[in-house]
Each structure stands twice: as C-alpha cells, then as structure tokens.
Amino acid sequence: MTKAKESKSPDVAAYYDQAAGNIPTFTVLNYGYIDPIDDSLVPSDHPEKYCLKLYEHTVRETPLAGAQVLEISCGRGGGARFLAKAFQVAHYTGIDLSEENIRFAKAGNDGPEFLLGSAQALDIEDESIDVVINIEASHLYDDRKQFFSEVLRVLKPGGYFCYTDGCWANDNCTGDLLDAGFELIERREITPNVIAALKLDSERREALFDAMPDKSLIEEYKDWGGVIGYRAYQRFVNGETLYFSHRLRKPV
Ligand SMILES: C[S@@+](CC[C@H](N)C(=O)[O-])C[C@H]1O[C@@H](n2cnc3c(N)ncnc32)[C@H](O)[C@@H]1O
C-alpha cells in the first residue's frame, strides 16, 4: 500500500506562527534585493528597504495602477502595503497560510485586504485578477505545479504573474512555468543582488534575532534569516541555491 505523502503545510504554518511571536519587528520576510542603478521608490531610511526593493524589483514594468492584484503568501503584509500605495493599485488582496502572519497584516490595515488561505487552493474566482505576485514562498509549497495552475486559473487572459524565489541550483523552475502554460516576458538570475542586500542588512537581522527573549531559537533563526556566515546566506554564496525573478503572462 502506498502511504499518502504528508503535507508540510502544518509545520510551515506553525513555524511562521511562532516566528511572528518571536520576531514581531519584521513586517517583510524576504532576503532583499539591491540594484546598482537605484531609482527606487522605497524611502532610503526605511529599516526594511532591501526587502521592499525585492517587491519593487518583482513587479518592475508591470501595470499595477488601477489593477486587481493578488499576492499569494503575503506574509505579514509589509510588502503589500508598500506596493498598494506606491503603485495606486485598485484592489490588493494578500493571502497567507499563517494565521499569525495574517493577524499581523490585518493589524496594520490601511488598504489591502488580507485572507487566510493556501497557495494550492485559492478561494478566488476564475479570471478575476490582473496581476498575481509571489515572493520567496513557493519553495515551501507541497505542489508547485498545482500552485502554478491555480495562478493561471485566477488570472484574466493577458494577466501578469510576477514571481521570485530561491531554489536549489538544479531546479528547473522556468521549465515548470512554461509547461504550466505561461508566456515568459523576462527571467533574471538575481542571486548577486540578493547576496549584496543580505551583506548590508545582516547586522540589523542579527541584532533582532539576538534580542529575542527565547534564546534557544537564535541560531536557527540566523540560519533561516540570511545572517552572514549562516546556512541560507552560505548556500547562496556557495552556489547551492540560486535566486530567480520571473515576469510572465497568461496567454490571451
Ligand atoms: C519567506 S515568507 C515570505 C513572505 C512575503 N512574501 C515577504 O516577502 O515578506 C514565506 C511565506 O509563505 C507562506 N506560505 C508557506 N506555505 C504556504 C502555502 N502553502 N500557502 C500560502 N502561503 C504559504 C508562509 O506562511 C510565509 O508567510
């Protein structure tokens, strides 16, 4: 008898729920991005500026003004609030699996709508969305192909999919996107931009982890949180993991 494959979602949700209690200062939960040509709308004194710049990079050249936008895995909502305001989005919905992240996101309520839900079974109508955004989350899903097919289902014909994530070096993520039926507008490997951001942001991240009341998780969070010399950072530097951004469209 074949044992049904267990879902990792309950553990993932529990991890992010617990992190929300331990490190509440973060409103954005990605490794960040920096570009040598900096024409960014992100305020230069914003403490989470590199993480917001990854949002800005992900949606570059995508028409957001007046659009129906869906962000899948919106985390604590900091990126959603930035994009919705900076780009005059008509309606921005953020969905996340973690109840605590959604509670955080709703607490800062000033525009976007936030809902609890799974990337692989979206409670969103067919062909109702102009732009889907997904940042640094798909590596946590049980079934990335099911996620891609959900994105295609909810997008209007001609709608955009702005997608960034880190992956193992041998992962053919672009192939899966094309097989799913997306048209590729642009694909960029941005690992050097992510490493450069982490270099500049490592001290802030490390100080927040060191200040946690529960000292037992400090090393784990430094591994996960991109601190220089720790696991996630080293994997990028050693080339074991790469970071890609994709801009795609649903065919008309
Ligand atoms: C690294 S965080 C990134 C969050 C956000 N995109 C950001 O940059 O701040 C990954 C997020 O993915 C969410 N997530 C993981 N698995 C999910 C799933 N199956 N469905 C929806 N969200 C999921 C987690 O709860 C977490 O908030």
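In case you missed it, the structure is sitting above this.
Just so it is clear, the structure is predicted and the values come from calculations on it, not from any experiment. (Residues numbered from 1 in each chain as written. Predicted model: local features only at pLDDT ≥ 70, side-chain atom pairs only at ≥ 80, totals over all residues. Heavy atoms only, no water.)

Chemist: Help me out: how do you make sense of the site of the ligand in this one?
Modeler: Lining the immediate environment of the ligand, one finds 23 residues, of which Leu 29, Ser 73, Asp 96, Asn 101 and Ala 119 sit closest. Take Ile 135: an N or O atom from its main chain is 2.9 Å from a nitrogen atom of the ligand. Tallying contributions element by element places helix α1 (residues 9-22) first for the shell around the ligand, with three residues. In the shell around the ligand, the residues fall into twelve nonpolar, eight polar and three charged. (Near = heavy atom within 4 Å. Polar contact = N/O pair within 3.5 Å; in protein donor to acceptor, adjacent residues only side chain to side chain. Helix = DSSP H or I, 4+ residues; strand = E, 2+ residues; numbered from the N terminus. Nonpolar A, V, L, I, M, F, W, Y, C, P; charged D, E, K, R; others polar.)

Chemist: How should the side chain of Gln 120 be read in this particular structure?
Modeler: Along the chain, Gln 120 falls in the loop between β3 (113-116) and β4 (129-135). Separated by 2.9 Å, the side chain of Gln 120 and the backbone nitrogen of Asp 143 make a polar contact.

Chemist: What's the story with helix α5 (residues 144-154) in this structure? I'm lost.
Modeler: Each α-helix winds once per 3.6 residues, and so residues spaced three or four apart point in a common direction. When we look at burial in α5, the residues that qualify are Arg 144, Phe 147, Phe 148, Glu 150, Val 151, Leu 152 and Val 154. In this structure, the buried residues of α5 make contact with β1 (68-72), β4, β5 (155-168) and α6 (173-180). By the N-cap criterion, in which a side-chain oxygen at the helix start approaches the backbone nitrogen of a residue two or three places on, α5 is capped by Asp 143, the distance to Lys 145 being 3.2 Å. (Buried < 20%, exposed > 50% of the residue type's maximum accessible area, 1.4 Å probe, protein only. Contact = heavy atoms within 4.5 Å.)

Chemist: So what exactly am I meant to see when it comes to the pairing of β1 here?
Modeler: Taken residue by residue, a regular strand's side chains alternate between the two faces of the sheet. A large share of β1 lies buried, amounting to four of its five residues. Judged from the five bridges that link them, β1 and strand β2 (residues 91-96) form a sheet pairing that is parallel. Counted as the bridge partner of Gln 68 is His 91 from β2. For the segment spanning β1, helix α3 (residues 78-86) and β2, crossover handedness is right-handed. (Pairing = 2+ DSSP bridges. Right-handed = clockwise from strand over helix to strand, strands pointing away.)

Chemist: Whenever I open this one, the pairing of strand β7 (residues 241-249) confuses me. Can you help?
Modeler: Among the nine residues that make up β7, eight are buried, leaving the element largely enclosed by the rest of the structure. Inspection of the sheet shows β5 paired to β7 by nine bridges, in the antiparallel sense. Counterpart to Tyr 163 in the pairing with β7 is His 246. Examined bridge by bridge, strand β6 (residues 183-189) and β7 share six bridges and lie antiparallel to one another. The residue bridging Leu 184 from the neighbouring strand is Leu 248, located in β7.

Chemist: Explanation requested: unusual backbone geometry in the structure shown.
Modeler: Outside of glycine, negative phi angles account for most residues, and trans bonds account for most peptide bonds. Residue Gln 88 is not a glycine yet carries a positive backbone phi of 50°. Inspection of the secondary structure puts Gln 88 in the loop between α3 and β2. One non-glycine residue with positive phi stands out, namely Glu 136, at about 50°.

Chemist: Which parts of the structure should I look at to understand the nonpolar core?
Modeler: The nonpolar side chains of a soluble globular protein tend to be buried, and buried together. In terms of nonpolar packing, the biggest core is built from 35 residues, with Val 69, Tyr 92, Val 131 and Ile 133 touching the most fellow members. Ignoring sequence-local partners within four residues, the contact set of Val 69 consists of Leu 64, Val 89, His 91, Tyr 92, Thr 93, Ile 129, Val 131 and Ile 133. (Core = buried A, V, L, I, M, F, W, Y, C linked by side-chain atoms within 4.5 Å.)

Chemist: Is there a simple way to think about helix α2 (residues 49-58) in this case?
Modeler: Within α2, nine of the ten residues are buried, leaving the element largely enclosed by the surrounding structure. Those residues of α2 not exposed but buried are Tyr 50, Cys 51, Leu 52, Lys 53, Leu 54, Tyr 55, Glu 56, His 57 and Thr 58.

Chemist: Looking at this model, I keep getting lost on the packing of α2 against α3. Mind explaining?
Modeler: The axes of two packed helices give the description: the angle between them and the distance between them. Where α2 meets α3, the closest approach of the two axes is 10 Å, and the angle between their N-to-C directions is 55°. In terms of their interaxial angle, α2 and α3 are classed as oblique. Between α2 and α3 the crossing geometry is right-handed. Across the interface between the two elements, Leu 52, Tyr 55 and Glu 56 from α2 touch Gly 78, Gly 79, Ala 80, Phe 82 and Leu 83 from α3. (Axes fitted to C-alpha atoms, helices over the stretch in contact; angles between N-to-C directions. Parallel < 35°, antiparallel > 145°, perpendicular 65-115°, else oblique. Left-handed = near helix turned anticlockwise from the far one by under 90°.)

Chemist: Would you mind going over the pattern of salt bridges with me for this structure?
Modeler: Opposite charge on two side chains lets them pair, provided their charged atoms get close. Inspection of every chain in the model, using the stated rule, returns 15 salt bridges. Asp 201 serves as the salt-bridge partner of Arg 205, at 3.1 Å between the closest nitrogen and oxygen. Taken together, the positions of Arg 205 and Asp 201, both in helix α7 (residues 191-210) and four residues apart, correspond to about one turn of that helix. Assigned by exposure class, Arg 205 and Asp 201 land together as buried. Lys 222 is the partner of Asp 210 in a salt bridge, and the nearest nitrogen-oxygen pair spans 2.9 Å. Of this pair, Asp 210 sits in helix α7 while Lys 222 sits in helix α8 (residues 218-224); the two residues are twelve residues apart in sequence, bridging distant segments of the chain. Classification of Lys 222 as buried rests on a relative accessible area of 6%. (Salt bridge = Lys/Arg side-chain N within 4 Å of Asp/Glu carboxyl O.)

Chemist: It is not clear to me how the environment of Met 212 should be interpreted in this structure. Could you clarify?
Modeler: With respect to the helices, strands and loops of the structure, Met 212 is situated in the loop between α7 and α8. Under the relative-accessibility criterion, Met 212 is labelled buried at 1%. Taking the C-alpha atoms as reference points, Met 212 and Gly 21, separated by 191 residues in sequence, lie 9.6 Å from one another. Sequence-distant contacts of Met 212, defined by excluding residues within four places in its chain, comprise Asn 22, Ile 23, Leu 217, Ile 218 and Tyr 221.

On their own, these measurements won't tell you what the molecule is for.
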